[in-house]
Amino acid sequence: MIRRMTETDLPEVAELEQKNFSVPWTEANLRESLNLPGYLFLVAEEEGKVVGYAGLNRVLDEGDVTNIVVAEEYRGRGLGTALTAALLEEGKKEGIQAFTLEVRFSNLPAVRIYEKLGFVQEGIRKRFYEKPVEDARIMWKREPGQ
C-alpha cells in the first residue's frame, strides 16, 4: 500500500535513510520537512511495516524529487517504480508541471526507473555526491507544453 507519510512513520523512514544513504536525512530533518507546506512524502507499507518512501519539494509549478528508497529486501518487486509513479501523480494533482531530480551516475537501476517514467537526462552535476564522491545526472520530466 502506498499512502501519505505521517509523523508516526518517521522512525522507520529515518532508519531507511540511515541504512541506504551515505549522507542520510535525520529523523529531525524529516520531521521538519514533513511539516513544511511545499513538501510531499509517500510511504510504501507492507504488513504494517514501512518498506520504502519517496519525497518531493514543490517550488511554484516544479517539483524536486528529494529521496526515493526501498528497503533492500523488498527491491525487485516494482516498489520503486510504484512509489515514484505515485509521487508524480500526487504532484500533478497539486499543480506540478515539471519534475526534476539528481541521481548518482552509477545508480543504473534508479536511472532505468526514471527513464521508464518519462525522465530524461539534461545535465550533470560534477562531484555532487559525497561518500563516495560521484557525479549526479540531472533528470527532468516535463508535462506536455512545458
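Along the backbone of the chain there are 4 helices and 7 strands. The order of helices and strands in the chain, counted from the N terminus, is β-α-α-β-β-β-α-β-α-β-β. At 14 Å, the chain has a C-alpha radius of gyration in line with the 15 Å of a compact globule built from 146 residues. Here the chain holds 146 residues, and 42% of them are scored as buried. Summed over its atoms, the accessible surface of the chain is roughly 8000 Å², and 50% of this surface lies on carbon and sulfur atoms. The centroid of the 20 positive side-chain charges in the chain is displaced by 4 Å from the centroid of its 25 negative side-chain charges.

Turning our eyes to something else, we now look at the side chain of Asp 9. Summarising the element assignment, Asp 9 is placed in the loop between strand S1 (2-4) and helix H1 (10-20). The contact partners of Asp 9, leaving out residues within four places of it in the chain, are Arg 3, Arg 4, Val 43 and Val 50.

As a further point, take helix H3 (residues 79-93). The terminal C-alpha atoms of H3, which comprises 15 residues, lie 21 Å apart, in line with the 21 Å expected from a rise of 1.5 Å per residue. Looking only at H3, the buried set comprises Leu 79, Gly 80, Thr 81, Leu 83, Thr 84, Leu 87, Leu 88 and Gly 91. Directly after H3, the chain includes Gly 95, whose backbone phi takes a positive value near 95°.

Calculation criteria
Residues numbered from 1 in each chain as written. Predicted model: local features only at pLDDT ≥ 70, side-chain atom pairs only at ≥ 80, totals over all residues. Heavy atoms only, no water. Helix = DSSP H or I, 4+ residues; strand = E, 2+ residues; numbered from the N terminus. Rg over C-alpha atoms; globule rule 2.2 N^0.38 Å. Buried < 20%, exposed > 50% of the residue type's maximum accessible area, 1.4 Å probe, protein only. Areas by Shrake-Rupley, 256 points an atom, 1.4 Å probe, with all protein chains shown as cover. Lys, Arg positive; Asp, Glu negative; His and termini not counted. Charge placed at Lys NZ, Arg CZ, Asp CG, Glu CD. Contact = heavy atoms within 4.5 Å. Expected span 1.5 Å × (residues − 1).

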